[in-house]
Amino acid sequence: MSVSTAAYDPSGPAGHLPSRAGEAKLRLDEWQLALPLALAFAALFVAPLLLLVGVSFFNDDKITQAGFGSWIKFFGDPFNYKVIGDTLLLGVKTVCTTVLIGYPLALVYLDLPARLQRVLLFIIVLPLLLSVVVRTFAWIVVLGREGMVNQVLQGLGIISEPLRLLQTELGLVISLTQIEMPLMLLPLISVMSRLDPNLRDASAALGASRWRTLFTVILPLSMPGLVAGCLLVFASSTTAFISQTVIGGVRLIYLPLLIWQQSLVVYNWPLAAVASLSLVVSVLSVIAALSYLGRRSSGHLHG
Amino acid sequence: MARHRSFGDISYGFVVGGLATLAVFIIVTPVVVVLMTSFTEGRSLKFPPTGFSFGWYEQLFDASQSRQIHKAAFNSLEVACFSTLFGVVLATLASLGLARDRRKMARFADNFFMSPLVLPGITFGLAALVYFSTLGFRPSLDLMIAGHLMVTMPFILRTTTASLSQLDPALLDSSRSLGASWLYTLRRVTLPLIAPGIAAGAFLAFMASIDNVPVSLFLSNARTDTLPIRMWGMMEATLDVRVAAVSGVLIASAFLLMLIMEWTVGLTRRMRD
């Protein structure tokens, strides 16, 4: 049966018609256009990562003696567990603060007229195009001893001594909240603006309060955007080397700083390789768990 | 519709409105504060800035005083231009080959090429350093272009693939049935239609390269450092107010670039969708 329909199906393979034979061949070969990228990708991305995995299985920094020494050394030190834990916790805290103020902003965006929506979107996207270094530097100016926050609080007489905000985790989380905010807002707004506005109107017409509409209609439907935003913010804040070192200083140690120290200061590449692979595994496993939960929650909705 | 506003609705407006205002405040304030500080007369980053002058900008644009910053800026531009250029060629070709291919292998390749976006940049940076040193290369701008290409190419691939999948296949079929060759269809039909997608991706890739820290951190040395690395050094050592002036220049350029992209390809719309 499939043979007889294929002969009439214009989109099916029509190789036995002579006039189309050459064309069918060309279409079959279209995937070969991806070959240059595939080659570059293999040579410049896959090969370095495989080598990094290989280097991690050497015991000494001269890379002469193969073995599990670096792995044993890294995971034998309780300090490294604390660093991994602190890094993941920093990501979780940043995700929480960006959701807390980013989600309401996305809700307000939905209610704005189209012209104001464009302005707000512009404001949201602009920081994304600003260098992370500039955004980090901006927070040094805002949070410093003579910075805006301290000057305003002292001016209002709330505090007498300047607060220490730089080189604290609080200051770092505040800064990362702004630095990572666009990554939360863009997927959220993308999903939310596709929601059928009738759903909200229907919910209101049926007597639900705005809170109830939020938690039973908008929040479940915007879950894919929320999860995507959380993933991006988590991945970006746990690996934000510049912000972590400049605002966190040397006393707050996170995995990226550890990797940098081991590779470019101490020159112990095997240990740096182990640390960076631990970063990949710990960050990606949190991301995999989150996206699994996200899929399950949206699956419930449809199922 | 005069509906009775309950306590719940009022508290909703209060809480959501308040938090949203806080969000806008937190997004905008640092940018404004840096711009203000860059015009200070003083020698520190005190707020509010004392006086108004272009002094720090004059120092920044002075060829002899800020030679290293200028060198770093040109390095950044060179690396961003070349990595974007190669990225456009490789990613556009790959999208043309894979975007409308429904086979499992093609879907897998598409996702695989996106993986640099997920992998922590610092891990790839270290891997690239170990790899290139093992092969015997010394730090150079060429290596940096290769490294940046890998982490910025996915942006172009994504927007181009999105444009291609929105393309009406009937257009290509009619072009072909009217006797146009594959190449002619590509040149006259496909490319003009997906050009805005390629441009938006190229813009994002260019900005990602200019902004890249983790790859440059491992692949640059004092001679080949890029602007973000140089600025990081200036912030770590003594807090040089010229960093504020550099930030001012970067803020102004990002603002201008964004206006241009908004007018030409509708960037924010593309980023939202």
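Numbers given for residues are sequential positions, taken from 1 along each chain in its written order. Chains carry letters from A onward and ligands carry numbers from 1 onward, assigned in written order. In view of the model being predicted, local features appear only for residues whose pLDDT reaches at least 70, and side-chain atom pairs are presented and counted only at 80 or more, with totals across whole chains, interfaces and linings using the full set of residues.

**What about the overall build of chain A?**
Broken down by element type, chain A carries 15 helices and 0 strands. Considering only intrachain contacts with a sequence separation of at least 6, the fraction spanning at least 24 residues in chain A is 71%. Here a helix means four or more residues in a row that DSSP labels H or I, a strand means two or more in a row labelled E, and each is numbered from the N terminus. Think of it this way: build a C-beta for each residue from its backbone, and any pair within 7 Å is a contact.

**With respect to the overall build of chain B**
Within chain B, the regular secondary structure consists of 12 helices and 0 strands. Shown N-terminal to C-terminal, the secondary structure of chain B runs as helices and strands in the order α-α-α-α-α-α-α-α-α-α-α-α. At 24 Å, chain B has a C-alpha radius of gyration far larger than the 19 Å of a compact globule built from 273 residues. Counting the 273 residues in chain B, one finds 45% classified as buried. In chain B, once contacts between residues fewer than 6 apart in sequence are set aside, the share between residues at least 24 apart is 74%. Computation of the radius of gyration draws on C-alpha atoms alone. For the globule rule, the value is 2.2 Å times the number of residues to the power 0.38. Here exposure depends only on C-beta density: within 10 Å of a residue's C-beta, 20 or more other C-beta atoms make it buried, 12 or fewer make it exposed, and intermediate numbers make it partly exposed, the C-beta atoms being placed from the backbone.

**Things to note about the environment of Asn111 of chain B**
One can find Asn111 of chain B in helix H4 (residues 104-113). Taking the C-alpha atoms as reference points, Asn111 of chain B and Arg158 of chain B, separated by 47 residues in sequence, lie 9.8 Å from one another.

**Topic: helix H8 (residues 182-211) of chain B**
Helix span, as expected, comes to 1.5 Å for every residue beyond the first. For H8 of chain B, which comprises 30 residues, the first-to-last C-alpha distance of 38 Å sits more than 12% below the rise-based estimate of 44 Å (1.5 Å per residue). Leu191 of chain B marks where H8 of chain B bends most, by close to 50°; the proline Pro192 of chain B follows one to four residues later. Each residue is assigned a bend, namely the angle between axes fitted to the seven residues that terminate at it and the seven residues that start at it.

**Re the domain arrangement of chain A**
Residue and element names in this part refer to chain A. A domain assignment, automatic or from a database, supplies the domain bounds used here. Looking at the assigned domains, one finds that chain A contains domain 1 (2-56) and domain 2 (70-302). Contact residues are listed per partner, giving 4 residues for domain 1 and 7 residues for domain 2. Gly falls in the polar group here, along with every residue not listed as nonpolar (Ala, Val, Leu, Ile, Met, Phe, Trp, Tyr, Cys, Pro) or charged (Asp, Glu, Lys, Arg). Among the residues making up the side of domain 1 that touches domain 2, the classes are represented as 3 nonpolar, 1 polar and no charged.

**A closer look at unusual backbone geometry**
All names here are of chain A. Despite not being glycine, Gln167 shows a phi value in the positive range, around 60°. Looking at the element boundaries, Gln167 is found in the loop between helix H8 (148-155) and helix H9 (169-192). A tally of 15 C-beta atoms within 10 Å means that Gln167 is categorised as partly exposed. Even without being glycine, Tyr267 reaches a positive phi, approximately 60°.

**Considering the interface of chain A and chain B**
Contacts between the two partners involve 76 residues from chain A, matched on the other side by 75 residues from chain B. When the residues that make up the side of chain A that touches chain B are grouped by side-chain class, the tally is 58 nonpolar, 14 polar and 4 charged.

**Points about helix H1 (residues 7-38) of chain B**
The end-to-end C-alpha separation of H1 of chain B is 46 Å, in line with the 46 Å expected for 32 residues at 1.5 Å each. Where H1 of chain B bends most, the angle comes to about 30°, and this point is Val28 of chain B, followed within four residues by the proline Pro30 of chain B.

**Description of the packing of helix H3 (residues 35-56) of chain A against helix H3 (residues 67-98) of chain B**
Axis geometry follows a simple rule: fit a line to the C-alpha atoms, using only the stretch in contact for helices, then measure angles between N-to-C directions, giving values from 0 to 180 degrees. Taken N-terminus to C-terminus, the directions of H3 of chain A and H3 of chain B make an angle of 125°; their axes are 7 Å apart at the nearest point. With respect to H3 of chain B, the axis of H3 of chain A lies oblique. Between H3 of chain A and H3 of chain B, the contacting residues are Pro36, Leu37 and Ala40 of chain A on the first element and Leu90, Ala91, Leu93 and Ala94 of chain B on the second. A per-class count over the contact of H3 of chain A with H3 of chain B returns 7 nonpolar, no polar and no charged. Each angle is binned into one of four classes, with values under 35 degrees roughly parallel, values over 145 roughly antiparallel, values of 65 to 115 roughly perpendicular, and all other values oblique.

**What to know about the confidence of the model for chain A**
Residue and element names in this part refer to chain A. Looking at chain A as a whole, the pLDDT averages 85, with 89% of positions reaching at least 70. The quantity called pLDDT is the predictor's confidence in a given residue, expressed from 0 to 100. Least confident of the elements in chain A is helix H1 (residues 2-8), whose mean pLDDT is 39; most confident is H3, at 95. Confidence over residues 1-26 falls short of pLDDT 50; this stretch has 8 contacts with residues more than four positions distant or in other chains.

**Observations concerning the packing of helix H6 (residues 114-129) of chain A against H1 of chain B**
Taken N-terminus to C-terminus, the directions of H6 of chain A and H1 of chain B make an angle of 50°; their axes are 10 Å apart at the nearest point. By the criterion of interaxial angle, the relationship of H6 of chain A to H1 of chain B is oblique. Judged by the twist between their axes, the crossing of H6 of chain A over H1 of chain B is left-handed. For the pair formed by H6 of chain A and H1 of chain B, the contact residues are Ile123, Ile124 and Pro127 of chain A on the first element and Val24, Ile27, Val28 and Val31 of chain B on the second. By residue class, the composition of the contact of H6 of chain A with H1 of chain B is 7 nonpolar, no polar and no charged. Handedness of a crossing follows from how the near helix is turned relative to the far one, being left-handed for an anticlockwise turn of less than a right angle and right-handed for a clockwise one.

**Let's talk about the confidence of the model for chain B**
Residue and element names in this part refer to chain B. In the predicted model, chain B carries a mean pLDDT of 87, and the fraction of residues at 70 or more is 95%. The spread of mean pLDDT over the elements of chain B runs between helix H12 (residues 267-272), the lowest at 63, and helix H5 (residues 121-134), the highest at 95. Predicted complex, confidence summary: ipTM 0.87, pTM 0.85.

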